[in-house]
Amino acid sequence: MPRKKEFDEYEVLQLAMETFWHKGYEATSVQDLVEQMGINRGSLYGTFSDKRALFLAAIQYYDQTIITAVVSVLHAPGSPRKAIVDYICSVAERAAADQNRQGCFLTNSAVEVAPHDQEAEQKLLASLQRIEAAFYDALVDARAQGEIKSRRDLNDLARFLASSMQGMRVMARVNPDRDALLAIADIIIAALDS
């Protein structure tokens, strides 16, 4: 009879994601993972099969938790423009407050792993596209309510906003100056009316 799992899979995925986020995929060893997750190697391999499969599961977990939260913020009731502006400003504030300068798990993973792992690339792309789609939906609503003046193609504007959020997090890894990041946020927000 197989042994019953003695851990919560979502809790260990959270810990695995944090480990990959902090160290990067290549620099994270299986030993790092078992220590941080509080499980033994047999449980890691029995549940996830190997480090790469665990990494892919961590990307999926990030999508289900963090990206889902982003989408819900951008789909919040009330003013769609306010939801967009509040989200952009919150990214700048969180990036400035990131003491460890970890940046974004999605962006870090895209830079490190996507160029040579097609399956990881597809999962990361799907998450980025969810963010872009959430911006697009908010932009459509904002335009319909007369809250934005931009006549730009909303698909292009959504892509710009999504990529700008990732870029701001990259910049914060090198220069987490709050004033600089908020100035960047102001310029991004100005695109809603240009």
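Small disclaimer: the values here were computed from a predicted structure and weren't measured.

The rules we used
- Residues numbered from 1 in each chain as written.
- Predicted model: local features only at pLDDT ≥ 70, side-chain atom pairs only at ≥ 80, totals over all residues.
- Heavy atoms only, no water.
- Helix = DSSP H or I, 4+ residues; strand = E, 2+ residues; numbered from the N terminus.
- Buried < 20%, exposed > 50% of the residue type's maximum accessible area, 1.4 Å probe, protein only.
- Contact = heavy atoms within 4.5 Å.
- Areas by Shrake-Rupley, 256 points an atom, 1.4 Å probe, with all protein chains shown as cover.
- Lys, Arg positive; Asp, Glu negative; His and termini not counted.
- Charge placed at Lys NZ, Arg CZ, Asp CG, Glu CD.
- Expected span 1.5 Å × (residues − 1).
- Bend = angle between axes of the 7 residues up to and from the residue.
- Polar contact = N/O pair within 3.5 Å; in protein donor to acceptor, adjacent residues only side chain to side chain.
- pLDDT = per-residue confidence, 0-100.
- 1 Å grid on protein atoms, 1.4 Å probe; cavity = no way out; pocket = protein on both sides within 12 Å on 5 of 7 lines; lining within 4 Å.
- Points joined across faces, edges and corners; volume = space filled by probe spheres on them.
- Nonpolar A, V, L, I, M, F, W, Y, C, P; charged D, E, K, R; others polar.

Q: It is not clear to me how the overall build of the protein chain should be interpreted in this structure. Could you clarify?
A: Helix and strand content of the protein chain: nine helices and zero strands. In sequence order, the secondary structure elements of the protein chain are arranged as α-α-α-α-α-α-α-α-α. Projected onto the principal axes, the alpha-carbon positions of the protein chain cover approximately 65 × 35 × 30 Å. Across the 194 residues in the protein chain, those meeting the buried criterion constitute 43%. Taking as baseline every contact in the protein chain between residues at least 6 positions apart, the subset at least 24 positions apart corresponds to 70%. Total accessible area on the protein chain stands at roughly 10,300 Å², and carbon and sulfur atoms take up 53% of it. Charged side chains of the protein chain number 21 positive and 27 negative; the gap between the two group centres comes to 1 Å.

Q: Just checking my understanding: could you explain unusual backbone geometry for this structure?
A: A negative phi angle is the norm for most residues apart from glycine, just as the trans form is the norm for most peptide bonds. In this structure, S49 takes a positive phi of about 75° despite not being glycine. The phi dihedral of R101 falls on the positive side, at around 50°, and the residue is not glycine. For R101, the location among the structural elements is in the loop between α5 (80–97) and α6 (105–112).

Q: I'm lost on helix α4 (residues 51–74) in this one. Help?
A: Within an α-helix, residues lying three or four positions from one another point in the same direction, as the helix has 3.6 residues per turn. Along its 24 residues, α4 runs 33 Å from first to last C-alpha, staying within 8% of the 34 Å computed at 1.5 Å per residue. Largest kink in α4: about 30°, centred on D63. Among the residues of α4, the N-terminal cap falls to D50, whose side-chain oxygen and the backbone nitrogen of R52 are separated by 3.3 Å.

Q: Sorry, what's going on with the confidence of the model for the protein chain here?
A: As a general rule, the predicted coordinates of low-pLDDT regions are not to be interpreted in detail. Averaged over all residues, the pLDDT of the protein chain is 94; the fraction at 70 or higher stands at 97%. Element-level mean pLDDT values for the protein chain span from 92 in helix α3 (residues 41–48) up to 98 in helix α7 (residues 118–144).

Q: Would you mind going over the environment of V91 with me for this structure?
A: Inspection of the secondary structure assignment puts V91 in helix α5. The buried category is assigned to V91, whose relative accessible area is 1%. Distance in space between the C-alpha atoms of V91 and Q166 is 9.2 Å, their sequence separation being 75 residues. In this view, V91 contacts M165, M168 and R169; residues no more than four positions away in its chain are not counted.

Q: Help me understand the layout of surface pockets in this model?
A: Where empty space is left becomes clear once a probe the size of a water molecule has been rolled over the atoms. In this structure, the largest pocket encloses a volume near 290 Å³. Contributing to the lining of the largest pocket are 20 residues, with W21, R94, G103, C104 and R169 lying nearest its centre. Elements with a contribution of two residues or more to the lining of the largest pocket: α4, α5 and α8 (154–174). Here the lining of the largest pocket is composed, by residue class, of 12 nonpolar, three polar and five charged.

Q: In this structure, what is going on with the side chain of D32? I would like to understand it.
A: You can see D32 is positioned in helix α2 (residues 30–37). In contact with D32, not counting residues within four places along its chain, are T19, K23 and A27.

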